[in-house]
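Chain by chain, the residues:
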Amino acid sequence: MFAFIGLILILLVVFPTHTAAFVPEGAIEAQELYVKSLQKDAGYLTMAPTDARINPYFNNIALWAVVDNPDYTDVVKKWAMWYVEHINDPDKLGVRGSIYDYTVVAGGEVKPTEDYDSSDSYAATFLTLMRRYFDATNDSAFLKELEPALDLVASAIYATMDPKDGLTYAKDNYRIKYLMDNVEVWQGLKDWAYLLEHVFARTDDAKKATADAAKIYDSLQKFWKGSAFAYAKDEVGRLFGSDTTVFYPDMTAQLMAVALEFTTLEQTEIIWKNFNEKFPKWVLLQHLSSFPWTMMVYAGLKAGDLERVQTYINAVELTYGSMGFPWPWYSSEAGWYLLTLKELPAIETE
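Rules and cut-offs
- Residues numbered from 1 in each chain as written.
- Predicted model: local features only at pLDDT ≥ 70, side-chain atom pairs only at ≥ 80, totals over all residues.
- Heavy atoms only, no water.
- Helix = DSSP H or I, 4+ residues; strand = E, 2+ residues; numbered from the N terminus.
- Rg over C-alpha atoms; globule rule 2.2 N^0.38 Å.
- Buried < 20%, exposed > 50% of the residue type's maximum accessible area, 1.4 Å probe, protein only.
- Contact = heavy atoms within 4.5 Å.
- Core = buried A, V, L, I, M, F, W, Y, C linked by side-chain atoms within 4.5 Å.
- Expected span 1.5 Å × (residues − 1).
- 1 Å grid on protein atoms, 1.4 Å probe; cavity = no way out; pocket = protein on both sides within 12 Å on 5 of 7 lines; lining within 4 Å.
- Points joined across faces, edges and corners; volume = space filled by probe spheres on them.

### Thoughts on the overall build of the protein
And then number 1: The helix and strand inventory of the protein stands at 13 helices and six strands.
And then number 2: Taking 2.2 N^0.38 as the reference for a compact globule, 350 residues should give roughly 20 Å; the C-alpha atoms of the protein span a radius of gyration of 20 Å, in line with that estimate.
And then number 3: C-alpha extents for the protein along the principal axes are approximately 55 × 50 × 35 Å.
And then number 4: Every one of the 350 residues in the protein was classed for burial, and the buried ones make up 57%.
And then number 5: A separation of at least 24 residues holds for 68% of the contacts in the protein among residues at least 6 apart in sequence.

### Here we look at the nonpolar core
If you look at soluble globular proteins, the nonpolar side chains tend to sit buried side by side.
And then number 1: Within the largest apolar cluster, 121 residues are counted, with the highest numbers of intra-cluster contacts made by Trp79, Phe126, Met130 and Trp336.
And then number 2: Sequence-distant contacts of tryptophan 336, defined by excluding residues within four places in its chain, comprise Ile61, Trp64, Met256, Ala259, Leu260, Thr294, Met295 and Tyr298.

### Quick notes on helix α4 (residues 73–85)
Think of an α-helix as 3.6 residues a turn; residues three or four steps apart then line up on the same face.
And then number 1: The terminal C-alpha atoms of α4 lie 18 Å apart, and with 13 residues this matches the ideal 18 Å at 1.5 Å per residue to within 8%.
And then number 2: Within the span of α4, buried status applies to Thr73, Val75, Val76, Trp79, Ala80, Trp82, Tyr83 and Val84.

### A look at empty space enclosed by the protein
And then number 1: Scanning all chains against the criterion turns up one cavity of 30 Å³ or more.
And then number 2: There is about 30 Å³ of room inside the largest cavity.
And then number 3: Every residue lining the largest cavity is listed: Trp64, Ala124, Thr125, Thr128, Glu184, Gln187, Gly188 and Leu260.
And then number 4: When residues of the lining of the largest cavity are traced back to their parent elements, those giving at least two are α5 (119–137) and α7 (179–198).

What follows is the structure, encoded as structure tokens:
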């Protein structure tokens, strides 16, 4: 497999694309079907077709990318129902509205791991999914059915929020304020504010969520050190400066800020230039990680670098695509990649 991938990447270098950007034929449909294949009748999605793990955070991102397709409305609704039926009230740390990772065991039963990577990001990305669902369907009736559960989900964000700076800790027992998590929370609270205003007619609550998102923005901008953001902040206020020669979490935190349009134009340009100087072979799937990290190409799209976006897409289609998207291609990899394909502007070839 790896020898085959190496040959493909050599071909990409020898025969580079001369097209600014295009979506390969059938690529969008293939990724949508891949995401759909992850869902079981109960409504949950596993990380990969033969995987037994259920990670709500990754699933939320995967479904961000299919919710615009009316044929996938029921896929999103079934996941939303499964999600709210499995939120904790409270969890073992006392957090209300969180959700554990789960594992599928014999007979299709699911068992909670009684842990999660982060309570803030899981909640925030689900609220963003619900905003995207409303934008795509205008289905206020379904969201009104979920209103009490969505309030509970939002409370999981506030459970680890530090009132001093408005930033959230990853978990109540892991008190680090990550750039990546808080960018997602910033987006999630803005989306929650929109739903509060436009679906639930709760204007005062919407104003509060908007103000809380603005406070997060202001606090995170203080992470900026001229060439990169600090990737985290601890409980006593100490910033963890980013060494952008380190792919994860230092550099990937910068890319998440670009991907979710948190950065200013100047910050985007600085981050993107730095990333390509430090990891020039990312377009050929050579970036010090065994995972494809498709969030990189979505950041590239937001940075407007269509030539590198196209090279990366070609590499993905000629490697993972030619083999039916095997592991380590998984749910959120499909999500970020699909978002890129769907938002790629139509460009004429020369």
